[in-house]
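Inside the fold
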Amino acid sequence: GKVIITPMGPGKFFVSAWCQDDCSVGIRQLFFPLWKVEPVGRVQGAESFGGTAADLIEVSLSSGKHKFDLVFDGGWPERCGDSVTLLSVVLVGTGFLFSGLSKRKQRPMVSEPGITA
């Protein structure tokens, strides 16, 4: 068989595979729990996606041509990351604002020497 893996951008690879018989494609550089397979076009034969004993990606393919994307899925932390960052910046900024205002209110009145009220 023949396998061609093409990087499509950060966190995405296009995989094109041709197998004479049932075969298994192992990718040694990507850890299994963080990636998912997204079929491209019409899928021929069943594809089984999983990890090896070393938690590396392994895709089992039936004979024929196969095209699919490997996409990095960071899970809910990655999807919620922008919102958490924005919320953190707003909370820290609000804390600094109130801290600065409360310090201004607590300053004692100091009179200059030679000036009487």
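Predicted model only: the values in this text are computed from it and were never measured.

The rules we used
As a convention, each chain's residues are numbered from 1 in the sequence order in which they are written. In keeping with the model being predicted, local features are shown solely for residues with a pLDDT of at least 70 and side-chain atom pairs are shown and tallied solely at 80 or more, while totals for entire chains, interfaces and linings include all residues. Side-chain metrics in this entry use all non-hydrogen atoms of the structure; hydrogen atoms and water are not considered. Strands are runs of DSSP state E lasting at least two residues, helices are runs of H or I lasting at least four, and both sets are numbered from the N terminus onward. Using a 1.4 Å probe on the protein chains alone, a residue whose accessible area is under 20% of its type maximum counts as buried, one over 50% counts as exposed, and one in between counts as partly exposed. In this description, contact between two residues means that some pair of their heavy atoms is separated by no more than 4.5 Å. In these tables, accessible area is a Shrake-Rupley quantity obtained with a 1.4 Å probe, and a residue counts as shielded only by the protein chains included in the view. Here, nonpolar core means buried Ala, Val, Leu, Ile, Met, Phe, Trp, Tyr and Cys residues that are tied together by side-chain atoms lying within 4.5 Å of each other. Pairing between strands is defined by DSSP: at least two bridges between the two strands are required. In this analysis an axis means a line fitted to C-alpha atoms, helices contributing only their contacting stretch, and an angle means the value between N-to-C directions, from 0 to 180 degrees. Note that a disulfide, as used here, is simply two cysteine sulfur atoms within 2.5 Å. Salt bridges are defined by distance alone: a side-chain nitrogen of Lys or Arg within 4 Å of a carboxyl oxygen of Asp or Glu.

Within the protein, the regular secondary structure consists of 1 helix and 7 strands. Listed N to C, the secondary structure of the protein is β-β-β-β-β-β-β-α in terms of helices and strands. When each of the 117 residues of the protein is scored for burial, the buried share is 17%. Counting only contacts in the protein whose residues sit at least 6 apart along the sequence, the fraction spanning at least 24 positions is 57%. On the protein, roughly 9100 Å² of surface is accessible, and the fraction owed to carbon and sulfur atoms is 59%.

Bringing the nonpolar core into the picture now. Judged by nonpolar contacts, Val15, Ala17, Cys19, Val25, Ile27, Trp35, Ile57, Val59, Leu61, Phe68 and Leu70 together constitute the single largest core of 11 residues. Listing elements by their share of this core, those giving two or more residues are β2 (12–19), β3 (23–31), β6 (56–61) and β7 (64–72).

Attention now goes to the sheet that holds β2. Strand order in the open sheet formed by 4 strands is β1-β2-β7-β4, and the pairing between neighbours is antiparallel. The open sheet has two edge strands with one neighbour each: β1 (2–9) and β4 (35–39). Across the sheet, the mean angle from the axis of one strand to that of its neighbour is 25°, orientation sign disregarded. Here β2 runs beside β7; their pairing, made up of 8 bridges, is antiparallel. Looking across to β7, one finds that Trp18 is bridged to Lys65.

Take the state of the cysteines next. Applying the stated criterion across every chain yields a total of 1 disulfide. Each disulfide pairs two cysteine sulfurs, and for Cys19 the partner residue is Cys23, the sulfurs being separated by 2.0 Å. Relative accessible area serves as the criterion here: at 25%, Cys23 is assigned to the partly exposed category.

Mapped onto the fold, Asp69 is located in strand β7. If near-sequence neighbours (up to four positions away) are discounted, Asp69 is found in contact with Lys12, Phe13, Phe14, Lys36, Val37, Glu38 and Val40.

As a further point, take the pattern of salt bridges. The full count for this structure, using the stated rule, is 1 salt bridge. Measuring nitrogen to oxygen at the nearest pair gives 3.7 Å for the salt bridge that ties Asp69 to Lys12. Taken together, the positions of Asp69 in strand β7 and Lys12 in strand β2 put the pair 57 residues apart, joining distant regions of the chain. By relative accessible area, Lys12 is classed as partly exposed at 33%.

What follows deals with the pairing of β7. Note that β4 and β7 share 5 bridges and pair antiparallel. Directly across from Val37, in β7, lies its bridge partner Leu70.

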